[in-house]
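# Observations on the three-dimensional arrangement
So the chains spell out like this:
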Amino acid sequence: MTTDAQPSVFEQLGLPDTGLSRDAYAYAARVTPAFVFHHSVRSYVFARAHARNKGLRAGTDYDDELLFAACVLHDIGLSEEGNGDQRFEVDGADTAAAFLRERGVEEPRIAVAWDAIALHTSQGIAERKGTVVALSQEGIATDILGTQRENLPPGLADQVHALLPRQDLAYGLSDAIVTQALAKPHKASPITFPGELLRRHLPYGAHPGWYDLIAAAGWGDKPVGVTARRHAETPQQVGALFMEYLEAGDVEGLVSLYEPHAHFVPTPGNHLVGTDAIRGAMRHMVDSGARLTLELRDIRQVGDVALVSNNATLTGLGPQPVTSITTEILRRQPGGGWVHVVDDPFFS
């Protein structure tokens, strides 16, 4: 008695069955971890589904073989072979271009694949660079962030995940990017996607943000417009604005988050009241290069008054970070926006 062989992934998913596609598939399977490889193939399947949903026809409206190659190779920069000295997207694009060039792919097609891979984390740019580049980014975003997942055909995601398990992809991929960046920080410039991931794995303030770069530019620019003054539309937004203004070095922005006779406790036992005293404390924090992270613990709101508690970590005022649980009383102002009436990080 004979048993039929299990159809291959190529057959079950109807992948482009060409020599180049088979080579790219085998190459990605060999040099990337399984969770990256599975993600790369799923990205193509989702990209193709989005193309069909838009009424685009493979071979007529877009180069299906090139779309497959771009998707299946888009994270090759996270492989040992593709790990160079550039951000992983560009390393991957260069590695994929060399792979395609070795197989005689024409330079114009290679240029499209390069753009698709280098720009796959650049939403808002990729979609302006042609159909293959745009579809690649859409398929990749669907598999990572669930973007447009509601537009996929019913059952498609379940079928693909059964063949190509996720293996906690989004977190595994983030870890792979951070691992490269910790070994080679120049691969994660501050205002890039890899840089944003790296920042979360370093001591607060160790990796500069946008406002740090502005402050270090040497031109003496000061906050203006929406950067300088915004209302906190909810009690939760007060903490976010405090962190933003502190990072920007905007003393007056910080002071604007307090009522004129508010109470503030910058350090244990140091109880300040009123705008002038609070301004002095904020100036000291800014001049010291202090940075603050706030994570909301709980909130109670009754009408125009809110009691807020945050987990706080303050760095820059001493050799060690200061951690505390804040007690904050906020009040909605007649002209709009929420501000502090009492801000005591050490009350509890």
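As a starting point, this report considers the structure included with it. Computed from a predicted structure; not experimentally measured. (Residues numbered from 1 in each chain as written. Predicted model: local features only at pLDDT ≥ 70, side-chain atom pairs only at ≥ 80, totals over all residues. Heavy atoms only, no water.)

Our next topic: the nonpolar core. If you look at the biggest cluster of nonpolar residues, it comprises 43 residues, and the most contacted ones within it are Leu 15 and Leu 73. Secondary-structure elements contributing two or more residues to this core are helix H1 (9–13), helix H2 (19–31), helix H3 (34–53), helix H4 (64–72), helix H5 (88–102), helix H6 (107–118), helix H7 (131–145) and helix H8 (156–163). When residues of this core are assigned to their parent elements, the largest contribution, 8 residues, is made by H3. For Leu 73, the residues in contact, after removing those within four places along its chain, are Ala 24, Tyr 27, Ala 28, Ala 96, Phe 99 and Ile 117. In this structure, Leu 241, Phe 264, Met 285 and Ala 306 belong to the second largest nonpolar core, which totals 28 residues. (Core = buried A, V, L, I, M, F, W, Y, C linked by side-chain atoms within 4.5 Å. Buried < 20%, exposed > 50% of the residue type's maximum accessible area, 1.4 Å probe, protein only. Helix = DSSP H or I, 4+ residues; strand = E, 2+ residues; numbered from the N terminus. Contact = heavy atoms within 4.5 Å.)

Every α-helical turn comprises 3.6 residues, leaving residues that sit three or four positions apart pointing alike. With 13 residues, H2 ought to run about 18 Å at 1.5 Å a step, and its terminal C-alpha atoms sit 18 Å apart, in line with that. Close packing links the buried residues of H2 with H1, H3, H4 and H5. (Expected span 1.5 Å × (residues − 1).)

Turning to a nonpolar patch on the surface, a few remarks are in order. Residues Ile 191, Trp 210, Leu 213 and Ile 214 make up a contiguous nonpolar surface patch of about 380 Å² in total accessible area. With respect to the helices, strands and loops of the structure, Ile 191 is situated in the loop between helix H9 (169–183) and helix H10 (193–199). (Patch = residues over 30% accessible without salt bridge, like charges linked within 9 Å, V, L, I, M, F, W, Y side chains within 5 Å. Areas by Shrake-Rupley, 256 points an atom, 1.4 Å probe, with all protein chains shown as cover. Salt bridge = Lys/Arg side-chain N within 4 Å of Asp/Glu carboxyl O.)

Further remarks concern the packing of aromatic side chains. One pass over the structure, following the stated rule, counts 7 aromatic pairs. With centroids separated by 6.5 Å and ring planes inclined at 55 degrees, the aromatic side chains of Phe 88 and Phe 193 adopt a geometry described as tilted. With Phe 88 in helix H5 and Phe 193 in helix H10, this residue pair connects regions lying 105 residues apart in the sequence. Judged by relative accessible area, Phe 88 falls into the buried class, the value being 3%. Judged by centre distance (5.5 Å) and plane angle (55 degrees), the rings of Tyr 258 and Phe 264 are tilted. Its relative accessible area of 6% is what places Tyr 258 among the buried residues. The exposure class assigned to Phe 264 is buried, which follows from its relative accessible area of 4%. The ring of Phe 10 has Arg 22 lying over it, and the distance from NZ or CZ to the ring centre is 4.0 Å. (Phe/Tyr/Trp six-rings, centres within 6.5 Å; stacked < 30°, edge-to-face > 60°. Lys NZ or Arg CZ within 6 Å of the ring centre and 35° of its normal.)

Shape descriptors only; they carry no functional weight alone.
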